[in-house]
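Read off the chains here:
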Amino acid sequence: ERIGVSESSVKRMFGQKDMALSRLAQVCQATGIAMDDVLRGALETRVELDALSLPQEQSLVANPHLLLVAICCLGHWNIEGVIETYRLSEPECIRLLAELDRLGLIELKPLNRYQLRVSNAFRWLPDGPVQQFFREHVVEDYFAGRFDGAGETLMCLPARLSPGSAQELSNRIGQLAAELARLHRNDRRLPEGEREGYTLMLGFRSWELAAFTALRR
């Protein structure tokens, strides 16, 4: 009655999930609900990916430029920062962003802005194309550093644990990753000159150096 529409028409609009913004504004006004709250709620319930599919990861690894821009997006770089830092033209960078939108990693917005479509729990596929790429090209280069810079550290700590204790530590590592994500979000407010690129590389598994295994009785 408040918006001058029959009950059956209202049911049809909600059932078909198809409503003009002007009509949505009328419904919000009639029900006393702020339209901002409705839109914010829709954003919060947006489906986020915890992982990409095998074909999606294969597409990333097949194009190093695409993988580079994907990692920059996961680090919340803007397009200006990518172009300034790497030898990518603006048209190429826009094309790569559009490809990442097609793959479902981001949602491309006007003015070449984007929104990530992955959750805070996002992980690359175990032993998938991206992990294999990192293993072949990244790990050796990463650990070749001295780890003696400000805020840097390298530890290799052996221990004998029960399965329950190992799972507990694995959960703590997940919490550490979440803390890194929180600090990263907070520091995005700072000027570019006050931030540096850091990478946390974690691995935790049952393992013994092959040279030591050869000495077992």
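Since we're looking at a predicted model, the values are computed, not measured. Counting starts from 1 at the beginning of each chain's written sequence and moves along it residue by residue. Residue-level local features of this predicted model are given only where pLDDT is at least 70; pairs of side-chain atoms are given and counted only at 80 or more, and the full residue set underlies all totals for whole chains, interfaces and linings. By convention in this description, side-chain values take in all heavy atoms of the structure and omit both hydrogens and water.

S.K.: Quick question: what am I supposed to make of the overall build of the protein here?
M.R.: Runs of E in the DSSP output that reach at least two residues are strands. Runs of H or I that reach at least four are helices, and both are numbered from the N terminus. Within the protein, the regular secondary structure consists of eleven helices and two strands. Walking the protein from its N terminus toward its C terminus, one meets helices and strands in the order α-α-α-α-α-α-α-β-β-α-α-α-α. To get the radius of gyration, use the C-alpha atoms; to get the globule rule, take the number of residues to the power 0.38 and multiply by 2.2 Å. In summary, the protein has a C-alpha radius of gyration of 24 Å against a globular reference of 17 Å for 217 residues, an excess of more than 25%. For the protein, the spread of C-alpha atoms along the principal axes amounts to about 85 × 50 × 35 Å. In the protein, which comprises 217 residues, the share counted as buried stands at 18%. In this description, contact between two residues means that some pair of their heavy atoms is separated by no more than 4.5 Å. A separation of at least 24 residues holds for 57% of the contacts in the protein among residues at least 6 apart in sequence. Carbon and sulfur atoms provide 54% of the accessible area of the protein, an area that totals close to 16,500 Å². Residues scored as positive are Lys and Arg, those scored as negative are Asp and Glu, and His as well as the terminal groups of each chain are ignored. Charged side chains are reduced to one point each, which is NZ for Lys, CZ for Arg, CG for Asp and CD for Glu. Looking at charge distribution, the protein has the averaged site of its 26 positive side-chain charges lying 5 Å from that of its 29 negative ones. We call a residue buried when its accessible area falls under 20% of the maximum for its residue type, exposed when it is over 50%, and partly exposed in between, using a 1.4 Å probe and counting protein chains only. What sets the accessible areas is the Shrake-Rupley method with a 1.4 Å probe; for residues, cover comes only from the shown protein chains.

S.K.: Hey, could you run me through empty space enclosed by the protein in this one?
M.R.: The gaps of empty space that remain are located by a probe, the size of a water molecule, rolled over the atoms. Any residue with an atom within 4 Å of a point lines the site, the site being either a cavity, points on a 1 Å grid over the protein atoms alone where a 1.4 Å probe fits but cannot get out, or a pocket, an open set with protein on both sides within 12 Å along at least 5 of 7 lines. Grid points are joined across faces, edges and corners, and a volume is the space filled by probe spheres set on the points. Tallied over the entire structure, the rule returns one cavity of 30 Å³ or more. The space that makes up the largest cavity amounts to roughly 40 Å³. Every residue lining the largest cavity is listed: Val-69, Cys-73, Trp-77, Asn-78, Ile-79, Val-82, Cys-93, Leu-97 and Tyr-114. Mapped onto the lining of the largest cavity, the elements with two or more residues apiece are helix H5 (64-74), helix H6 (79-85) and helix H7 (90-103). Here the residues of the lining of the largest cavity sort into eight nonpolar, one polar and no charged. Residues were grouped as follows: Ala, Val, Leu, Ile, Met, Phe, Trp, Tyr, Cys and Pro as nonpolar; Asp, Glu, Lys and Arg as charged; and all remaining residues, including Gly, as polar.

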